[in-house]
Amino acid sequence: MRHRLIVSAAVAVALAVCGPLPGSGAAAPVKIGVLMPLSGNAGAAGQASKAAIEVGAQIVNEAHPDMSNIPLAATAGLPKLDGARIELIVADHQGDPSLGQSEALRLITQQHVVALLGAYQSSVTFAATTVAERNGIPWMVGDSSSPNITGRGFKWVFRTTPIGPDFAAAYSGFLKDLETMGHPVRTVAIVNENTEYGTSVGGGIHERLAKDGYNVVAQIPYNANGTDVSAQVLQLKEKQPDVVIFVSYTSDSILYMKTFKTLGYKPKVVIGDDSGFSDPSFVTTVGDLAQGAINRSAWSVGKPGSTTYHINQLYRAKTGRDLDDTSGRNMQGFLVLADAINRAGSTNPEAIRAALVATNLAPRQLMMGYKGVRFDATGQNVLAYTYLTQLVGKEWVTVWPKSAEERALAWPFQGWQP
Amino acid sequence: MIVALQVVVGGLLLGAVYALFSSGLTLIWGMMNVVNFAHGDFVMAGMYLAFLAVVWLRAGPAVFTGVAAALLFLFGTAVYYGLVRRVMRGPVLSQILSTFGLALLLRYSAFWIFSANFVTLPTVALSGTVHLGPVVVGTAQLVAGGAALLLTAGMHRLLTATALGSQILAVAEDRQAAMLMGIRPDRMQALAWGLAAAAAGIAGALIATFYYISPTVGESLAIIAFVVVAFGGFGSVPGAMVAGLLIGLIEATSAFYIGPVYKDVVVYALFVAILWVRPQGLMGARL
């Protein structure tokens, strides 16, 4: 009896180790790990990005001849890997950098993902990418914009999104153009959350605007999880800047707009650096209080029939709302990564890395309004670009640069209906 | 000078909201020696109930606050009979972990039902502002602050000046002796849970008039509630009120005059200092 038990246990172990027999038809799926804050304060943004990446996988895995300008859309699966499908392994890091690290390690060592994508908050991306670097697994950063993430000499980290200095340049260019439109502005205040994202992007904007001759009257760092923002708004009220730039996440952005109304404060220009302002919750909760706010975006739904319009339709079918810029940048990061894996023709990490290094995509091959995708030695996309949009009703419409304008700028910031 | 006044008034109102938020917690903690880690999520439930009452019934502030209070009262008693009564017989650790588990259950149920998206109450009667001389305050904050004072006073009176309150306190002090006096301890403790949950519901509904609502909103506010209750003195309802006001005031002034990132340092340094001098809290009974 005892003997038989041991034999059957040994057989069971042997079967478990060998796994399913090889050569059983279709190519094995290619596993990509996705790290997002699916709960916690940025849960809404993380869920939106997760949905966008899933739509990206749908575009790659199914045949979409109507989007044939996007690499891999026309065919089903990855042609150079015998039509293998992409399987997403999604993990929730709750906005916690140390959880981001442990989840990244779990995806690499236990799920055997061939590449990683994520992770929204720059602080989490900054910490978790070190795990990918150590383990030699490529990591695609779709939306985290702290310059430091790609500035560390890492070999395995690539980033498609524009970053801090790109935004700073855009804001400076916009403020300069305001002068030619007859709305000169001189004084600026920067209000930034105090983790990696806010500190680095806020600091970058400060430096650039000061260099370009603007008077930065205040830079106010704060904790994004705080329960009250009145002190910051009162400080702004006292300094009276023409322009207020927020580098903020969702809950804090909502509180700022509510507090603006309570304290009756309206600067001439309010700029939100994406993130909180682009969270789909922003317009539904405080859109009525933030009319005329400026935001950055590289996403535009486009005309009916266009590829971006089709992509938005897919996203709408899945979530019931339009794609936002942050989620769109993550989807773009995923599509660039999938294209590289296909060109590598292998799931070998070094082959994927080499293919990423060789990436050279033209604007028409992209869903986002970048000027292309080409990585420099640090892994940063040198052709990343951003537009500025303005909140009109419930829509963000492109108002800058002139060449991409959908609608003339409404001046000044109106906030709420009196 | 006007700005200083604005900072002080804003801080006191914020403090009143903290006190309002903490009122239910102090009752459970003080009266039953159970730490209700789900308190923040009770408040979150109150916020969503108010939201649903506004969306479905187009209810006004009085109605949606009442709805949230009534439903949470029922929920509180159900939690007592279904969960707390049983785990109270177990080791202290299981008492702590059971309310923690309840917190996660509520939070992730909210994620499931309402998704992670933030919502706010549609514009309600309270969304205006009031000018008190040169100082501007939100009507909603003013109402919430006033309600916090009333609720605290009401709860204090209930516990100290009514037979029912004496019975609740008697059970808290000595369950066996209370039973010998003809008090049914289960009924009193269920009532205490019901009242605490109803207070959390009222707090949630009122805070929702000027705050955002999300499944995790209770998490960020709960830490303050624990500090307020410990600061004010375990089980002291007026203590929680004073502590709430004090913390709101210190937060607002330090955030404005020193900087928003330093306010927590100031608040918690003071918190530790006061507990060092008075371990029982500002108004707690000497241990």
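Residues numbered from 1 in each chain as written. Chains lettered and ligands numbered in written order. Predicted model: local features only at pLDDT ≥ 70, side-chain atom pairs only at ≥ 80, totals over all residues.

Quick word on the overall build of chain B
At step 1: Along its length, chain B carries eleven helices and two strands.
At step 2: Along chain B, from the amino end to the carboxyl end, the secondary structure elements read α-α-α-α-β-β-α-α-α-α-α-α-α.
At step 3: For 287 residues, the compact-globule estimate of 2.2 N^0.38 gives 19 Å, and the C-alpha radius of gyration of chain B, at 19 Å, lies within 12% of that figure.
At step 4: Viewed in the frame of its principal axes, chain B has a C-alpha envelope of about 60 × 50 × 35 Å.
At step 5: Taken over 287 residues, chain B has a buried fraction of 52%.
At step 6: Across chain B, contacts joining residues at least 24 apart in sequence account for 77% of those joining residues at least 6 apart. (Helix = DSSP H or I, 4+ residues; strand = E, 2+ residues; numbered from the N terminus. Rg over C-alpha atoms; globule rule 2.2 N^0.38 Å. Buried ≥ 20, exposed ≤ 12 C-beta atoms within 10 Å, placed from the backbone. Contact = placed C-beta atoms within 7 Å.)

Quick look at the sheet that holds strand β3 (residues 115-118) of chain A
Residue and element names in this part refer to chain A.
At step 1: In space, the five strands of this open sheet follow the order β2-β1-β3-β4-β5, with parallel pairing throughout. The open sheet has two edge strands, β2 (86-92) and β5 (157-159), and neither has a second partner. When strand polarity is set aside, the average angle formed by the axes of neighbouring strands in this sheet is 25°.
At step 2: In this sheet, β2 lies alongside strand β1 (residues 30-36) in parallel orientation, the contact comprising seven bridges. Residue methionine 36 lies in a different strand from β2, and its bridge partner there is aspartate 92.
At step 3: The sheet contacts of helix α12 (residues 325-344) involve β1, β2, β3 and β4 (139-141), and relative to β3 the element is tilted by about 170°. (Pairing = 2+ DSSP bridges. Axes fitted to C-alpha atoms, helices over the stretch in contact; angles between N-to-C directions.)

Here we look at the interface of chain A and chain B
At step 1: Taken together, the contact pairs 32 residues of chain A with 29 residues of chain B.
At step 2: Among the elements of the structure, α2 (43-61), β7 (215-222), α7 (230-239), α8 (250-262) and α10 (280-286) of chain A are those that each provide at least two residues to the side of chain A that touches chain B.
At step 3: If one sorts the elements of the side of chain A that touches chain B by residue count, α7 of chain A sits on top with six residues.
At step 4: Taken together, the residues that form the side of chain A that touches chain B break down as ten nonpolar, 19 polar and three charged. (Nonpolar A, V, L, I, M, F, W, Y, C, P; charged D, E, K, R; others polar.)

Here we look at the packing of helix α5 (residues 139-161) of chain B against helix α10 (residues 237-257) of chain B
Residues and elements named next belong to chain B.
At step 1: Contact pair α5 / α10: the axes reach a minimum separation of 8 Å and the direction vectors enclose 160°. Considering their axes alone, α5 and α10 lie roughly antiparallel with respect to each other. The residues of α10 that touch α5, namely those facing Thr152, Met155, His156 and Leu159, are Val237, Pro238 and Met241.
At step 2: For the contact of α5 with α10, the residue count by class is five nonpolar, two polar and no charged. (Parallel < 35°, antiparallel > 145°, perpendicular 65-115°, else oblique.)

Focus: the environment of aspartate 212 of chain A
At step 1: Looking at the element boundaries, aspartate 212 of chain A is found in the loop between α6 (196-211) and β7.
At step 2: For the pair aspartate 212 of chain A and isoleucine 108 of chain A, spaced 104 residues apart in the sequence, the C-alpha separation amounts to 45 Å.

By themselves these figures say nothing about function.
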